[in-house]
Amino acid sequence: MSDVSWFALLSTIAAMLGIAIGVLLPALAMGRAISSALEALARQPEAERSIMRTLFIGLAMIESLAIYVLVIALIILFRNPLLEYLLESAP
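Being a predicted model, the structure only gives us computed values, none of them experimental.

1. Describing a nonpolar patch on the surface
Where nonpolar side chains cluster on the molecular surface, the patch consists of Met1, Trp6, Leu9, Leu10, Ile13, Met16 and Leu17 and spans about 740 Å² of accessible area. Structurally, the position occupied by Met1 is in the segment before helix H1 (3-43). Residue classification places Met1 among the exposed positions, given a relative accessible area of 68%.

What follows is the structure, given as structure tokens:
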């Protein structure tokens, strides 16, 4: 295999690992946030409005992290500047 093929293979593996970790950790954080919010609602039902508002803002922030991981992984896969450099310098 040429250097370009190895680099493309390693980039694909790195993107797969990045997506796997980048989706797993925010999913765990979302589950923990929802669990904590439900516990808080059980303790203070009168504070439902502020708890839910804070929960949804937090969930949106956590979800944005997963979206950023997806964007970076797609850049690695389809528009990798190092791969373009290797292709230009290849004989």
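The structure having been displayed, the exposition proceeds.
2. A few points about H1
With 41 residues, H1 should cover 60 Å at 1.5 Å per step; its first-to-last C-alpha distance of 60 Å lies within 8% of that length. Along H1, the residues that are buried comprise Val4, Ser11, Ala15, Gly22, Pro26, Met30, Ala37 and Leu41.

3. A closer look at the environment of Val23
Residue position: Val23 is located in helix H1. Looking at Val23, the relative accessible area reads 44%, which means it is partly exposed. The spacing of Val23 and Phe78 is 55 residues in sequence and 20 Å in space, taken between C-alpha atoms.

4. Details of the pattern of salt bridges
Under the definition given, this model contains one salt bridge. Notably, a salt bridge pairs Glu39 with Arg43, separated by 3.1 Å at the nearest N-O pair. Of this pair, Glu39 and Arg43 both sit in helix H1, four residues apart, which is roughly one turn of the helix.

5. What to know about the side chain of Ser11
Topologically, Ser11 is positioned in helix H1. Overall, the relative accessible area of 10% leaves Ser11 in the buried class. In contact with Ser11, other than residues within four places in its own chain, are Ile76, Leu77 and Asn80.

6. Considerations on the nonpolar core
Among the nonpolar cores identified, the biggest contains eight residues, and these are Met30, Ala37, Leu41, Ala47, Ile51, Leu55, Leu59 and Ile62. The element that contributes the greatest number of residues to this core is helix H2 (residues 48-78), accounting for four residues. In this structure, Ile62 is in contact with Pro26, Ala29 and Met30, ignoring residues within four places of it in sequence.

7. Some points on the environment of Ser36
Mapped onto the elements, Ser36 comes out in helix H1. For the pair formed by Ser36 and Ala20, sequence separation is 16 residues and the distance between their alpha carbons is 25 Å.

8. Some points on the packing of H1 against H2
Contact pair H1 / H2: the axes reach a minimum separation of 9 Å and the direction vectors enclose 175°. One way to sum up the angle between H1 and H2 is to call them roughly antiparallel. When its residues are assigned to classes, the contact of H1 with H2 shows 21 nonpolar, four polar and two charged.

9. Regarding the environment of Leu59
Relative to the helices and strands, Leu59 resides in helix H2. Separated by 21 residues in sequence, Leu59 and Asn80 have C-alpha atoms that sit 30 Å apart. Once residues within four sequence positions are removed from consideration, Leu59 is found in contact with Met30, Ala33 and Ile34.

Rules and cut-offs
Residue numbers run consecutively from 1 along every chain, following the written order of its sequence. Where local features are concerned, this predicted model is filtered to residues with pLDDT of at least 70; where side-chain atom pairs are given and counted, the filter is 80 or more; whole-chain, interface and lining totals use all residues. Note that the side-chain values use all heavy atoms of the structure and ignore hydrogens as well as water. What makes a patch is a set of residues exposed beyond 30% relative accessible area and free of salt bridges, joined within 9 Å when like-charged and within 5 Å when nonpolar (Val, Leu, Ile, Met, Phe, Trp, Tyr). Note on areas: Shrake-Rupley, 1.4 Å probe, and residue coverage restricted to the protein chains presented here. In the sections that follow, a salt bridge refers to a side-chain nitrogen of Lys or Arg positioned within 4 Å of a carboxyl oxygen of Asp or Glu. Counting from the N terminus, the helices are DSSP H or I runs at least four residues long and the strands are E runs at least two residues long. Any residue under 20% of the maximum accessible area for its type is buried, any over 50% is exposed, and the rest in between are partly exposed; the area is computed with a 1.4 Å probe on protein chains only. For a helix, the expected span equals 1.5 Å multiplied by the residue count minus one. The contact rule is simple, with two residues in contact once any of their heavy atoms fall within 4.5 Å. Side-chain atoms within 4.5 Å are what join buried Ala, Val, Leu, Ile, Met, Phe, Trp, Tyr and Cys residues into a set we call a nonpolar core. Inter-axis angles, ranging from 0 to 180 degrees, are taken between N-to-C directions of lines fitted to C-alpha atoms, where helices are fitted over the stretch in contact. Oblique is the label for any angle not under 35 degrees, not over 145, and not in the 65 to 115 range, which are roughly parallel, roughly antiparallel and roughly perpendicular in turn. Note on residue categories: nonpolar means Ala, Val, Leu, Ile, Met, Phe, Trp, Tyr, Cys or Pro, charged means Asp, Glu, Lys or Arg, and polar means any other residue, Gly included.

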